[in-house]
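Now for the letters of each chain:
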2 protein chains.
Amino acid sequence: MENQQVLIDRLPTGKLRAEDYKLTDSPMPVAGPNQVLIKTLAFAITAGTRAGLQGSASYAGAPAAGRVMNGTGVGEVVASNAPSVAVGDRVIAATGWQQYVAMDVEHVTVIDPGHDPIHYLGPMGVNGLTAYFGLLDVGNPEPGNTVMVSAAAGSVGHMVGQMAKIHGCQVVGVCGSNDKGRLLVDRLGFDRTVNYKDANYRQSLKEATPDGVDVYCDNTGGMILGSALFRMNVGGRIACCGVVSQYDTDTPEPGPKGVPGLLVNNRLTMRGFLLFDYAEHYAEARNAIYGWLTSGQLTSLQDEVVGLAAAPEGFVDLLSGGNVGTRIVRLDQ
Amino acid sequence: MENQQVLIDRLPTGKLRAEDYKLTDSPMPVAGPNQVLIKTLAFAITAGTRAGLQGSASYAGAPAAGRVMNGTGVGEVVASNAPSVAVGDRVIAATGWQQYVAMDVEHVTVIDPGHDPIHYLGPMGVNGLTAYFGLLDVGNPEPGNTVMVSAAAGSVGHMVGQMAKIHGCQVVGVCGSNDKGRLLVDRLGFDRTVNYKDANYRQSLKEATPDGVDVYCDNTGGMILGSALFRMNVGGRIACCGVVSQYDTDTPEPGPKGVPGLLVNNRLTMRGFLLFDYAEHYAEARNAIYGWLTSGQLTSLQDEVVGLAAAPEGFVDLLSGGNVGTRIVRLDQ
């Protein structure tokens, strides 16, 4: 029995292409002492992992040619040499893009048997938690505030908007197609959306934010961040969650105009964060999110592809905005 | 008797020139009901007022051709129609660049008779208060932190550095000449300084901040802000106090690279502020600053020119970095 894997064939130059990956079979891994063997059920493809392929990271395990592509997955334990995890347990871990993986038990989190494991790739996983802490802790919205979010139909953005509605805010989403915009308004309750590809985007954004913007959750950086800066109200907060506009390139743009001039004039705060700074609060966040999912206040959009072989094309497409919600690869094993 | 004034002859295009101003004599003002007549003793020239000449402000009283140039001054009351202010009181007010001004009493602050009024143009005025709140509230340094400050020999910067030393920090100043750098180290106790005009500035900054930077007080924006972003430690704070690099121009630069990417990766906070947000805390700040001045922990550098006619050239020179400390124009009346 072999282990199918997607390897990085070479780090991308310029835009990522599916040909930068290679599907291979390698020997089946074996769980060593204190390890578990996981059979991957599904993994998420997230834009942030594109940044890791820019080649500046140099730590052990950093993405490099010849390595298995990294990613967060959920799976079932099929062998265990650790007393705390049993065969049959479902877990979330950095499985990577492969059918099987053996990992030290410390790097594995057992999923509550009452929960749908797929939720751990979306609203209760990295994306949902990023939305939760970025909006609520960094953005700190008050009821009645206007919250703007970019990549609004993306895995983080569509949850930011719904969480802001739960907190009594007006929500304006920026996305890359009118279809996505309609979905966000009709199905998820966004108040207004703006298509950043429209020629009159800046004017449309102005019209969509007649009271200005109090909290902006930035998933893109670049031009959209620049446009948001000019709509921020005095005392506004910008939560820097991600920089998707600058991932799929060798030549990042200069920073937005208005930094730092508008920050001074309008007393704005921009704050970046990484999710793992909040690790000790994951449990409380997951409880809140699970409550909203079960009450129907929060809808998780997923966008599934099937089979390891489809993952590279799924990633390329995601980076050009082809996804709606969280892109998940389900393994057909 | 006439009132000598410096008028804005026209709003500058490109760099400010002394010829953009005009010295005139106009009729002596008279204090109306509830007004005081102030004889100006001295006023400060501050870089921030250059931004007001960029012509985007449109409120009543905004700088415009034909108006008296705006600025904060100290003076002596020579006539009063208000019970709360007596002839002979010394006051701080938005006198502008002129010998005499009549103002509503609400816009005038009486200076404690025990204090040197000139201090109200420096350490106890706009500059000192900006340093105080920018460093201590926005920057929030802890003992042992490395604090970096730009325009370090300027009116705000030289006080930021000394206040950071009082708080037990390592202080690295960025300034535009080696002479200024030596002065900051030898006379004011800065740990290290770097000259941003040196060809190897970035390497020198790296060597001057071996432990990275925890708090950066940005008075410049532009290239120096960009260089600071790459030296910030995880969790670092950037206090956006001013943007002097972008005032004396019609064509502001794009924002710094690294925004928002480095903010995310290193969990940085950038926060802009305006001094008047802190108005209710001025008294406590002035008490603290007065204490440091009298104990000798804080030295106020001043750089005086004499006579209204010298003010325009003094402003042009300030914008190219010619000053050390607070530039004050003393009137020779």
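Please read these numbers as outputs of a predicted model, since none were measured by experiment.

Which parts of the structure should I look at to understand the overall build of chain A?
Along chain A, the regular secondary structure elements total nine helices and 15 strands. Since a compact globule built from 333 residues should have a radius of gyration of about 20 Å, the 20 Å found for chain A is in line with a globular shape. By its C-alpha atoms, chain A is 60 × 45 × 35 Å across when sized along the principal axes. Burial analysis of chain A (333 residues in total) assigns 55% to the buried set. Relative to all contacts within chain A whose residues are 6 or more apart in sequence, the contacts with residues 24 or more apart total 68%. For chain A, the accessible surface area stands at approximately 13,400 Å², while carbon and sulfur atoms represent 50% of it. Here chain A contributes 24 positively and 32 negatively charged side chains, and the mean placements of these two sets differ by 7 Å.

Would you take a moment to explain the relation of the copies chain A and chain B for this structure?
The two chain copies are related to each other by a rotation about an axis together with a translation along it. Mapping chain A onto chain B calls for a screw motion: a turn of 180 degrees about the axis and a shift of 0.0 Å along it, with 0.0 Å RMSD after fitting. Each copy turns onto its partner about a two-fold axis. Scanning chain A for the C-alpha nearest the rotation axis identifies Gly255 of chain A, at a separation of 2.1 Å. Interface residue correspondence from chain A to chain B reaches 100%, placing this contact among same-surface, isologous pairings.

Quick question: what am I supposed to make of the environment of Leu308 of chain B here?
All names here are of chain B. Inspection of the secondary structure puts Leu308 in the loop between strand 14 (302-306) and helix 9 (311-319). Overall, Leu308 belongs to the buried group, its relative accessible area being 3%. In this structure, the C-alpha to C-alpha distance between Leu308 and Ile45, residues 263 residues apart in sequence, is 12 Å. For Leu308, the contacting residues outside a window of four places in its chain are Gln4, Gln5, Val6, Leu23, Phe43, Trp97, Gln98, Gln99 and Leu331.

Explanation requested: the domain arrangement of chain A in the structure shown.
Frequently, the measure chosen for interface size is the accessible area removed from exposure when the parts meet. All names here are of chain A. Assigned domains of chain A: these are domain 1 (2-122 + 301-330) and domain 2 (126-275). Here domain 1 and domain 2 have C-alpha centroids that lie 28 Å from each other. Between domain 1 and domain 2, the residue contacts involve 22 residues of the former and 19 residues of the latter. For the domain 1 and domain 2 pair, buried surface summed over both sides reaches about 1,500 Å², with 50% attributable to carbon and sulfur atoms.

Help me out: how do you make sense of the pattern of salt bridges in this one?
Once their charged atoms are close, side chains differing in charge can pair, the charge on each being opposite to the other. Enumeration according to the criterion identifies 22 salt bridges over all chains in this entry. Salt-bridge contacts for Asp20 of chain B lead to Arg17 of chain B; the nearest nitrogen and oxygen are separated by 3.7 Å. Here Arg182 of chain B ties to Asp179 of chain B by a salt bridge, and the two come within 2.6 Å at their closest N and O atoms. With Arg182 of chain B and Asp179 of chain B both in helix 4 (residues 178-188), this residue pair falls three residues apart, about one helical turn. Residue Arg182 of chain B is classed as partly exposed on the basis of its relative accessible area, which comes to 47%. Classification of Asp179 of chain B as exposed rests on a relative accessible area of 55%. Salt bridges here are not isolated pairs; linked through shared partners, they connect Arg10, Arg17, Glu19 and Asp20 of chain A.

Just checking my understanding: could you explain the packing of aromatic side chains for this structure?
Between two aromatic rings, the relevant description is the distance of the centres plus the angle of the planes. In the structure shown here, the tally under the stated rule is 14 aromatic pairs over all chains. Centroid distance Phe43 of chain A to Trp97 of chain A: 5.4 Å. Interplanar angle 15 degrees. Geometry classified as stacked. Taken together, the residues span a long stretch of sequence, with Phe43 of chain A in strand 3 (residues 35-45) and Trp97 of chain A in the loop between strand 5 (90-93) and strand 6 (100-104) at a distance of 54 residues. For Phe43 of chain A, a relative accessible area of 0% puts it in the buried group. Note on Trp97 of chain A: relative accessible area 1%, which makes it buried. Both rings, one in Phe273 of chain B and one in Tyr278 of chain B, keep their centres 6.0 Å apart while their planes meet at 80 degrees; by these two values the pair is edge-to-face. Like Tyr278 of chain B, Phe273 of chain B is buried.

Criteria and cut-off values
Starting afresh in each chain, residues are numbered from 1 along the sequence in its written order. Here every chain gets a letter starting at A, and every ligand a number starting at 1, in the order they are written. The predicted nature of this model means local features are confined to residues of pLDDT at least 70 and side-chain atom pairs, given and counted, to a pLDDT of 80 or more, with totals for whole chains, interfaces and linings taken over all residues. To get the side-chain values, take all heavy atoms of the structure and skip hydrogens and water. Numbered from the N terminus, helices here are DSSP runs of H or I no shorter than four residues, and strands are runs of E no shorter than two. Radius of gyration means the value over C-alpha atoms here, while the globule rule gives 2.2 Å times the residue count to the 0.38 power. Only protein chains enter the area calculation, which uses a 1.4 Å probe; residues under 20% of their type maximum are buried, those over 50% are exposed, and those in between are partly exposed. Here, two residues are considered to be in contact whenever any of their heavy atoms come within 4.5 Å of each other. Surface exposure here means Shrake-Rupley accessible area, sampled with a 1.4 Å probe, where a residue is shielded only by the protein chains that are shown. For the purpose of charge, His is not counted, nor are the chain termini; Lys and Arg are scored as positive and Asp and Glu as negative. Think of each charge as sitting on NZ of Lys, CZ of Arg, CG of Asp or CD of Glu. The atoms used to superpose the copies are C-alpha atoms, taken from residues with pLDDT of at least 70 in both, and the fit is least squares. Each domain's extent was defined by an automatic or database domain assignment. Here the quantity called buried area is the total loss of accessible area, with a 1.4 Å probe, experienced by two parts when brought into contact, counted for both. Any carboxyl oxygen of Asp or Glu within 4 Å of a side-chain nitrogen of Lys or Arg constitutes a salt bridge here. Classification of ring pairs rests on two measures: the distance between centres of Phe, Tyr or Trp rings, Trp counted by its six-membered ring, which must be within 6.5 Å, and the angle between planes, read as stacked under 30 degrees, edge-to-face over 60 and tilted in between.

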